[in-house]
Amino acid sequence: MQISMLAPEIEIALLGLLLLVLGLLLPHKGRGIMGTVTFLGLVIALLLSAAGFGQEEALFNGVYQADSYGSFFKLLFILAGLLVVLSGSAYIQRLGRRANEFYSFLVFALLGMVVMAAAGELITLYIGLELMTISFYILTAYLLNNELSVEAGLKYLILGAISSAVLLFGISLVYAVSGTTVISEIAGHMQFQPAMVAGIILMIAGFAFKLSLVPFHMWAPDIYQGAPIPVTAFLAVGSKAAAFAAFVRVFMLALPLPQFEWGLVLAVLAACTIILGNLVALVQTDIKRLLAYSSIAQAGYILVGMVAGNEYGLKGVLFYAMLYVFSNLGAFAVATAVEVETGSTSIEAFKALGKRSPMLAAIMTVCLLSLAGIPPLAGFVGKFYLFSGAIGAGYLWLAFVGLLMSMVSVYYYLMVAKAMYIGTNDDMTPIKPDTSTRVALWICLAATVLIGVYPAPLSALAQTAIQLF
Amino acid sequence: MMETSVQYAWIIAILPFIAFALIGLFLHRWPRLSAALSILAIGIAFLISLLVSLAVFSSEGNLVYEAAARWLSMPGLQVDMGILVDGLTAVMLIVVTTVALLVQIYSLGYMHGDPGFASYYAYQSFFAGSMLGLVLANNFGQIFVFWELVGLASYLLIGFWFGRNSAKEAAKKAFITNRVGDFGFLLSILFLQILFGTLNFNGLAGEIAGYTNTGILIGIAILMLAGPVGKSAQFPLHVWLPDAMEGPTPVSALIHAATMVAAGVYLIARAYFIFSSTPQALLAIAVIGGFTALFAATIAIVQNDIKRILAYSTLSQLGYMVMAMGVGAMTAGMFHLMTHAFFKSLLFLGAGSVIHALHDEQDIWKMGRLAGKMPVTTWTFVIGALALSGIPPLSGFWSKDEILLGAYASGHIGLYILGTIVAFLTAFYMFRLIFVAFFGSGEGGLKAHESPAVMSVPLVILAVMAIIAGFVGSPLMNNVFAHWVSYPGAVHHNPSLGIMAVSSLVAVAGIILAWAVYQKKMVDVAAVKTRFNGLYQLLYHKYYIDEIYQWLIDHLIDGTAKVLFWFDVYVINGLVNGIAALTGMAGQVLRYTENGQVQTYAMYMFAGIIVIIGLVMMAGFAIVL
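Residues numbered from 1 in each chain as written. Chains lettered and ligands numbered in written order. Predicted model: local features only at pLDDT ≥ 70, side-chain atom pairs only at ≥ 80, totals over all residues. Heavy atoms only, no water.

Asker: What am I meant to see in the overall build of chain A here?
Answerer: Helices and strands together make up the secondary structure of chain A, namely 19 helices and two strands. Its C-alpha atoms give chain A a radius of gyration of 21 Å, within 12% of the compact-globule value 23 Å for 469 residues. Overall size of chain A, expressed as C-alpha extent along the three principal axes, is 65 × 55 × 40 Å. Residues classed as buried in chain A amount to 65% of the 469 residues present. Expressed as a percentage of contacts within chain A between residues at least 6 apart in sequence, the contacts between residues at least 24 apart total 79%. Total accessible area on chain A is roughly 15,400 Å²; 69% of this is exposed by carbon and sulfur atoms. Charge centroids of chain A, computed over 20 positive and 21 negative side chains, lie 10 Å from each other. (Helix = DSSP H or I, 4+ residues; strand = E, 2+ residues; numbered from the N terminus. Rg over C-alpha atoms; globule rule 2.2 N^0.38 Å. Buried < 20%, exposed > 50% of the residue type's maximum accessible area, 1.4 Å probe, protein only. Contact = heavy atoms within 4.5 Å. Areas by Shrake-Rupley, 256 points an atom, 1.4 Å probe, with all protein chains shown as cover. Lys, Arg positive; Asp, Glu negative; His and termini not counted. Charge placed at Lys NZ, Arg CZ, Asp CG, Glu CD.)

This is the structure in structure tokens:
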């Protein structure tokens, strides 16, 4: 074993600590560089992860995995973190003296995600999950003067704790039957017992909470709305992808049980999630709540790939998770810019954005259309993989539900576009985001279009990453 | 250096697209900078094309380079993005970049002061890039993508002055008419993919050589032919091209010479392995081409608008090229495409120069006496007209002669005679134009002045090309062109002095007749018009094809549309609105599950777990039992 295989994790942990210390040491005026330090640190982590892509090694007797699958998700989380830092810096700056801890909590949440994706053992996984979740509790309640934010933080804490308990209970039942918590060994000690079935279901429920699958989704809109918007963005993209990374690894490798087809349970959950997420999104008037419901529905689409469980489906999970980073964060970045300028997150605030700031409106439209799955944007290719996987695995009805509800989703995504291009607004001052936000926006736009037009490289990357299944 | 240059041929198509993107995104506020960037991009593309072509030509057409990257991959469908460089590509690269470069330089003067100057150059770059991408493509999928982009670019440029209703209408007409042809083309591509599992040219050529079901091949060839019939404006989809002159005149030059109509002829040449495998398809091509050539030439005789005359002349010449393809003289068709590109862009740019000088006057009868005022424009125009008429030793003579020779030697005597008649008509209508507009007694030209150098220099360069471009395909240079562009099994016929003499004589006869009628006024034109009024009206109204189409659209299509509209409003909309209302209501109802209470949320979670466990247990017991 080489310690260099853990280089990204170590670097991220050090970065988080460094940011905490810097916040204490630097005078108030000097803390403007915190964002830059975070950004540079994450760029280094990105390079380290990229360098590690392609190695396949089990560390500490399989407790921790340094493999392509984990590396793919590491890249994903770090990219998401980078985009959140870039697009959120103006917002975070407004937090004043408490901005420095904000960065370090973001980095610790990121570390938690990375551990989740690479964990080869259930307790390690749980620790990663808690590290991420606890960081998010704090980040959610970060606006101490804002009732919604504090309420959201508290709700998230209570419900998160319950779901953690459920997940842990599930893990303990699986351990009780199989006698091990190492993911790669569980399958060998698999027995069909009621306790095992209950354990699997409780674990599904635990992950379903993180993925905000119906009926474990109810926290999401409240928390998404209350949390500071960069946190919402990171929560919607990073936390969800981390849960998928762990969920897929555990269930595909450890828990195949011929007598109990949990795939069907997931299929039903996916269908409910897609239907409810899309339908309720139709009637939202707040952009954060709209994106919350949209992201509930999106998780449902990704779950379809896992239900399929074949090459196409799993490739689709990874592919979609990656493009979702760009398309969703692009939309959130525009929402952040609008909120910074107008102080509002209502869809009303987007009226006439097409005239006030054509570039923002165009990027928002492209990102939303990608989420809706309109060709030639990235979302189309992603959904194509996911639904082809489902059809290949015989879940024709599920693919049908997904396609039908994608059509419904076009309606609410275009409602935002309609407000931007057809609506009129009394305030016609142009919205000019700062440079770092603009960079983030351009990256999101470029990636959303490029992945859609030329999907082969990302597809090949995802293909490599799913070799372990 | 030269041989390795082919590996970088892809840059040729990328450069104009980069210019387009930069202008569209960042530079559109600085018109001069936009124009400079656009010209720089096409200029470099021209230089690379020159290197690539020299490499290909110096190898006598033996150098073939193909490279591809996988664009999309799934079971049963592999789509590549790639380039294929051979003699055919090289010729097209030279033609497209030369004409596009000169047109863009010329436009500096012509479009000077236009409020849309920057977007004009953005579109120009887009147009050139699309055409170059089409020419470089190594498979049908890619060629179709660029084919459509060319269509889009032409739509944008024809409708460039969208404030004018006629420009808008013309742009729509061009786009829609082309769509009809594209539909057939796309179908043929789909059939190829289904039957052979590849769209790569070389791959398909191998597959088709061993394919025996000629019925299907004929079907595919005829469907594919619809594409060129639309894009290269062959009868019956020719109607868009004359209207397309609503765009700025340099755009007409581009469309008529290099970037739009040439695409159709190029496609026939590129897909020649399909067409040449079925004599029936070839015959169809030859007949369509020959008919269009004659049909358009007769219309050109009676038109009064300078651009309209040239437009019908293009139709007629395209018919020539297509006819050449049909009689097996693919090389001659491409040769004529090349020479035509030079002299037709020359003629259009010359016409633009006149129109510019006369403040948008396009009626040749309102011109006259231009020769003294605009010497450069006049004499370059005359050179272009002589080349088009096929007067030796100008370029048009050699290429036209190759086509006539091809038709004659392959036994299509009827088409040969038809081609000769067209040659006569061509010379007649071109010199009718010249004697009326440039040397006529009208007063319109008195106030004219020569165009600035940015406009006249491209004219001179093109005039030189119109004179010399034909030598590469002449016996004087051992017909090297035939080595560059050819196909397996091509038969080359020895030049026939007789055919050369006949075609030259009829061309001279046409010129003399035009001179006698319009310069010396030996015949009373008005009297002839009245005498043959029926025929005159028929020709003047372009055989009433537009009117027939309009009638069909009004009665057949609109009628069907009305029925469908009723169905749509009352049945489909009713259903859709009903479903939408239901969906919205469902959303309203479901949102009430969300009440903000943590206890409720936790309850739903546990209820969910219990329901799942309950259902699984019921199903599970069934399995165990």
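Asker: What am I meant to see in the environment of Thr232 of chain A here?
Answerer: Residue and element names in this part refer to chain A. Note that Thr232 resides in helix α10 (residues 229–253). On the basis of relative accessible area, Thr232 is assigned to the buried category, the value being 0%. Through-space distance from the C-alpha of Thr232 to that of Ala292 is 8.6 Å; in sequence the pair is 60 residues apart. Leave out the neighbours within four places in its chain, and Thr232 touches Tyr224, Ala227, Lys288 and Phe332. Within the structure, Thr232 has its side chain in polar contact with the backbone oxygen of Tyr224 (distance 3.0 Å). (Polar contact = N/O pair within 3.5 Å; in protein donor to acceptor, adjacent residues only side chain to side chain.)

Asker: Any chance you could explain the environment of Pro236 of chain B here in plain terms?
Answerer: All names here are of chain B. Inspection of the secondary structure puts Pro236 in the loop between α9 (214–231) and α10 (240–243). Taking the C-alpha atoms as reference, Pro236 lies 9.9 Å from Thr177; in sequence the two are 59 residues apart. Setting aside anything within four residues of it in sequence, one finds Pro236 in contact with Val229 and Tyr549.

Asker: Can you walk me through the side chain of Ser316 of chain B in this structure?
Answerer: With respect to the helices and strands, Ser316 of chain B occurs in helix α15 (residues 306–326). Excluding anything up to four places from it in sequence, Ser316 of chain B contacts Thr292, Ala293, Ala296, Ala297, Val422 and Tyr429 of chain B.

Asker: Any chance you could explain the pattern of salt bridges here in plain terms?
Answerer: Where charged atoms of side chains with opposite charge meet at close range, the side chains can pair. Following the criterion strictly, the structure yields 13 salt bridges over all chains and no others. Among the salt bridges present, the one from Arg249 of chain A reaches Asp67 of chain A, with a minimum N-O distance of 3.0 Å. Note that Arg249 of chain A is positioned in helix α10 and Asp67 of chain A in the loop between β2 (64–66) and α3 (68–93), a separation of 182 residues in sequence. Note on accessibility: Arg249 of chain A and Asp67 of chain A belong to one class, buried. Between Lys173 of chain B and Asp243 of chain B there is a salt bridge whose closest N-O contact spans 2.9 Å. Pair noted here: Lys173 of chain B is in helix α7 (residues 165–196) and Asp243 of chain B is in helix α10, with a separation of 70 residues, a long-range link. Within this structure, Glu151, Lys155, Asp222 and Arg289 of chain A form a network of salt bridges that share partners. (Salt bridge = Lys/Arg side-chain N within 4 Å of Asp/Glu carboxyl O.)

Asker: I tried to follow the confidence of the model for chain A on my own but got confused; where do I start?
Answerer: Low pLDDT marks stretches whose predicted atomic positions should not be read closely. Averaged over every residue, the pLDDT of chain A is 90; residues scoring 70 or more account for 100%. Element-level mean pLDDT values for chain A span from 86 in strand β1 (residues 57–59) of chain A up to 95 in helix α5 (residues 122–140) of chain A. (pLDDT = per-residue confidence, 0-100.)

Asker: Teacher, can you tell me more about the interface of chain A and chain B here?
Answerer: In this complex, chain A contributes 38 residues to the contact, which on the side of chain B involves 30 residues. For chain A, the biggest contributors to the area lost against chain B are Ile201, Met218 and Val283 of chain A; these three give 21% of the whole. For the pair chain A and chain B, the number of links is one residue pair in polar contact (both at pLDDT 80 or more). At the level of secondary structure, the elements contributing two or more residues to the side of chain A that touches chain B comprise α6 (147–178), α8 (194–210), α9 (219–226), α11 (262–281) and α12 (287–308) of chain A. The leading source of residues in the side of chain A that touches chain B is α6 of chain A, at six residues. (Buried area = accessible area lost by both parts, 1.4 Å probe.)

Asker: Would you mind showing me how to read the side chain of Ser389 of chain B here?
Answerer: Residues and elements named next belong to chain B. Relative to the elements of secondary structure, Ser389 occurs in helix α18 (residues 375–389). A polar contact of 2.7 Å, which involves the side chain of Ser389, links it to the backbone oxygen of Ala385. Among residues more than four places away in sequence, those in contact with Ser389 are Lys400, Ala427, Met430, Phe431 and Ala507.

Asker: What should I look at first to understand the domain arrangement of chain A in this one?
Answerer: Residue and element names in this part refer to chain A. Entries for chain A in the domain assignment read domain 1 (1–257) and domain 2 (261–469). One C-alpha centre belongs to domain 1, the other to domain 2; they are set 21 Å apart. Taken together, the contact pairs 48 residues of domain 1 with 50 residues of domain 2. Counting the surface lost from both domain 1 and domain 2, the interface buries some 4,500 Å², and carbon and sulfur atoms represent 80% of this. Counting the contacts that link domain 1 with domain 2 gives one salt bridge. Where Asp222 meets Arg289, a salt bridge forms, and the shortest distance between an N and an O atom there is 3.3 Å. Across the contact surface, domain 1 and domain 2 share nine residue pairs in polar contact (both at pLDDT 80 or more). Looking at the side of domain 1 that touches domain 2, the elements that each hand over two or more residues are α3, α8, α9 and α10. Split into classes, the residues belonging to the side of domain 1 that touches domain 2 amount to 36 nonpolar, seven polar and five charged. (Domains from an automatic or database assignment. Nonpolar A, V, L, I, M, F, W, Y, C, P; charged D, E, K, R; others polar.)

Asker: What exactly am I supposed to notice about the packing of aromatic side chains here?
Answerer: Think of a pair of aromatic rings as described by two things: how far the centres are apart, and how the planes are tilted against each other in angle. All names here are of chain B. Counting across every chain of the model gives 49 aromatic pairs over all chains. Between Phe291 and Phe295, the aromatic rings sit 5.5 Å apart at their centres with planes inclined by 25°, giving stacked as the arrangement. With Phe291 and Phe295 both in helix α14 (residues 279–300) and four residues apart, this pair spans about one turn of that helix. Relative accessible area serves as the criterion here: at 39%, Phe291 is assigned to the partly exposed category. (Phe/Tyr/Trp six-rings, centres within 6.5 Å; stacked < 30°, edge-to-face > 60°.)

Asker: I would appreciate a short explanation of the environment of Ala187 of chain A in the present structure.
Answerer: All names here are of chain A. Mapped onto the secondary structure, Ala187 falls in the loop between α7 (183–186) and α8. A relative accessible area of 31% places Ala187 in the partly exposed class. In this structure, the C-alpha to C-alpha distance between Ala187 and Leu368, residues 181 residues apart in sequence, is 41 Å. In this structure Ala187 touches Leu253, Ala254 and Pro256, once residues within four positions along its chain are discounted.

Asker: Looking at this model, I keep getting lost on helix α16 (residues 378–392) of chain A. Mind explaining?
Answerer: Residue and element names in this part refer to chain A. Taking 1.5 Å per residue as the helical rise, α16 with its 15 residues ought to reach 21 Å, and the 21 Å between its terminal C-alpha atoms agrees with that figure. Where α16 is buried, its residues touch α12, α13 (311–342), α15 (358–372), α17 (396–421), α18 (435–453) and α19 (456–465). Two residues or fewer past α16, Gly394 is found with a positive phi of approximately 90°. (Expected span 1.5 Å × (residues − 1).)

Asker: In this structure, what is going on with helix α5 (residues 117–136) of chain B? I would like to understand it.
Answerer: Since the α-helix advances by 3.6 residues per turn, residues separated by three or four positions end up pointing in the same direction. Here α5 of chain B spans 29 Å end to end across 20 residues, near enough to the 28 Å set by a 1.5 Å rise per residue. Across the 20 residues of α5 of chain B, 18 count as buried, placing the element largely inside the fold.

Asker: What should I look at first to understand unusual backbone geometry in this one?
Answerer: Among all residues save glycine, negative phi is the norm, and among peptide bonds the norm is trans. Residue Pro236 of chain B follows Phe235 of chain B across a cis peptide bond; omega there is 5°. For the bond running from Pro392 of chain B to Pro393 of chain B, omega is 0°, close enough to zero to count as cis. Counting through the fold element by element, Pro393 of chain B comes out in the loop between α18 and α19 (395–409). Look at Ser212 of chain A: it is not a glycine, yet its phi comes out positive at around 50°. Of note, Ser212 of chain A is situated in the loop between α8 and α9. Residues other than glycine seldom take positive phi values, yet Ala352 of chain A does so here, at roughly 65°. Position of Ala352 of chain A relative to the elements: it lies in the loop between α13 and α14 (353–356). A relative accessible area of 2% places Ala352 of chain A in the buried class.

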